[in-house]
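Chain by chain, the residues:
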Amino acid sequence: MLTTLHTAYSDTRAADLAWTLGREPLPALAVLDLELGHARVQLRLLGASHQVLLEEERRTCSETVACLPGSSTPLPLGVAESVGDWDYEFAARVETLSEGSFAGRAQELLALVADHPHGLAGTFPGSPYAFTAMLAQRTEGQVRWRTWHAYPQEGQLVVTRTRVGARVPAGVS
C-alpha cells in the first residue's frame, strides 16, 4: 500500500534517527494490520519514521526507529536481544547514492512495497523520493520486516532489517 503522508517531513537527516525497543504505540499517519500465521503485526508510519508492533500468543514486541525528542539511543548497526522468550535481531545500514542512483532506487523500492500485500509506504510532501517504506513476512516460524527511510536531500537511504522468533534452547539446532 502506498500513501501520501500529510505532514511536515520531521526526520530530515539520516543521522537523527534513533532506535528504541518496547515503546508504547505512537500516533501514526498510516497503519497496516497484518495476520502472519498466528502473529499480528502492525506496520505504522510516523511523521518521524516507523514503528512495528508484534503480538503473538500473548507476547509483544515494539520497535521504533524515528527522530524523537529526548531519544538518546542512536541508530545501531546491530542489536541482538532477548524479548521475553523471543530472540530479537536488528541491523541497520546507511547507503549514500548519487542523485540519479537515488531516484532509481527510490522508484524501485516504492514499486516493490506499494504492490506487496504486506507492504506499507508513505511519501512526504516536498519530494517524491522522501519516503518511509516497510515490508513484513513470516518465514520459518519467524516474523521479519525490512524498512527503508529515504533522505533525498542527503542522497542517503537508511535500510533496516529485523527478525523476531522463538528462542532456541542451547544445544538444539
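Everything discussed here concerns the structure shown above.
Residues numbered from 1 in each chain as written. Predicted model: local features only at pLDDT ≥ 70, side-chain atom pairs only at ≥ 80, totals over all residues. Heavy atoms only, no water.

Undergrad: Help me understand the sheet that holds strand β10 (residues 131-139), please; the structure alone is not making it clear to me.
TA: Sheet strands pair by backbone hydrogen bonding; their relative direction is either parallel or antiparallel. If you trace the 7 strands from one edge of the open sheet to the other, you get β1-β9-β10-β11-β12-β8-β7, paired in mixed fashion. Either end of the sheet is taken by a strand with one partner, and the two such strands are β1 (2-4) and β7 (78-83). On average, adjacent strands in this sheet sit at an angle of 15° to one another, irrespective of strand direction. The sheet contact formed by β10 and strand β11 (residues 142-151) spans 8 bridges and is antiparallel. Looking at the pairing, arginine 138 lines up with valine 143 of β11. (Pairing = 2+ DSSP bridges. Helix = DSSP H or I, 4+ residues; strand = E, 2+ residues; numbered from the N terminus. Axes fitted to C-alpha atoms, helices over the stretch in contact; angles between N-to-C directions.)

Undergrad: Would you explain the pairing of strand β4 (residues 39-46) in this entry?
TA: Look at any regular strand and the pattern is simple: side chains alternate between the two faces of the sheet. Of all the 8 residues making up β4, 7 are buried; the element is thus mostly covered by neighbouring parts of the structure. Two elements, strand β3 (residues 30-36) and β4, share 7 bridges in a ladder whose sense is antiparallel. Across the sheet, the residue bridging to alanine 30 is leucine 45, located in β4. Strand direction decides the pairing type here: β4 and strand β5 (residues 49-56), joined by 7 bridges, are antiparallel. Along β5, the bridge assignment pairs leucine 46 with serine 49. If you look at the hairpin formed by β4 and β5, you'll find 2 residues sitting between the two strands. (Buried < 20%, exposed > 50% of the residue type's maximum accessible area, 1.4 Å probe, protein only.)

Undergrad: Would you explain the environment of leucine 112 in this entry?
TA: Note that leucine 112 resides in helix α1 (residues 99-114). Expressed as a C-alpha distance, the spacing of leucine 112 and methionine 1, which sit 111 residues apart in the sequence, is 9.8 Å. Apart from the residues within four sequence positions on either side, leucine 112 is in contact with Leu135 and Trp148. (Contact = heavy atoms within 4.5 Å.)

Undergrad: How should the packing of aromatic side chains be read in this particular structure?
TA: Each aromatic ring pair is characterised by the separation of its centres together with the angle its planes make. If you walk through the whole model with that rule in mind, you get 2 aromatic pairs. Between tryptophan 19 and tyrosine 88, the ring centres sit 6.3 Å apart and the planes meet at 35°, which makes this aromatic pair tilted. Within this pair, whereas tryptophan 19 is found in strand β2 (residues 18-21), its partner tyrosine 88 is found in strand β8 (residues 86-96), the two being separated by 69 residues in sequence. As far as the burial class goes, tryptophan 19 and tyrosine 88 line up, both buried. By relative accessible area, tryptophan 19 is classed as buried at 8%. Within the aromatic cluster, the residues linked to one another by ring pairs are Trp19, Tyr88 and Phe90. (Phe/Tyr/Trp six-rings, centres within 6.5 Å; stacked < 30°, edge-to-face > 60°.)

Undergrad: Please clarify how the environment of arginine 59 should be interpreted in this entry.
TA: Note on placement: arginine 59 falls in strand β6 (residues 59-66). Classification of arginine 59 as buried rests on a relative accessible area of 18%. Sequence separation between arginine 59 and glycine 84 is 25 residues, and the spatial gap between their C-alpha atoms is 7.4 Å. With residues near it in sequence (within four places) discarded, arginine 59 still touches Leu54, Asp85 and Trp86. A polar contact of 3.1 Å, which involves the side chain of arginine 59, links it to the side chain of aspartate 85. (Polar contact = N/O pair within 3.5 Å; in protein donor to acceptor, adjacent residues only side chain to side chain.)

By themselves, these figures tell us nothing about what the structure is for.
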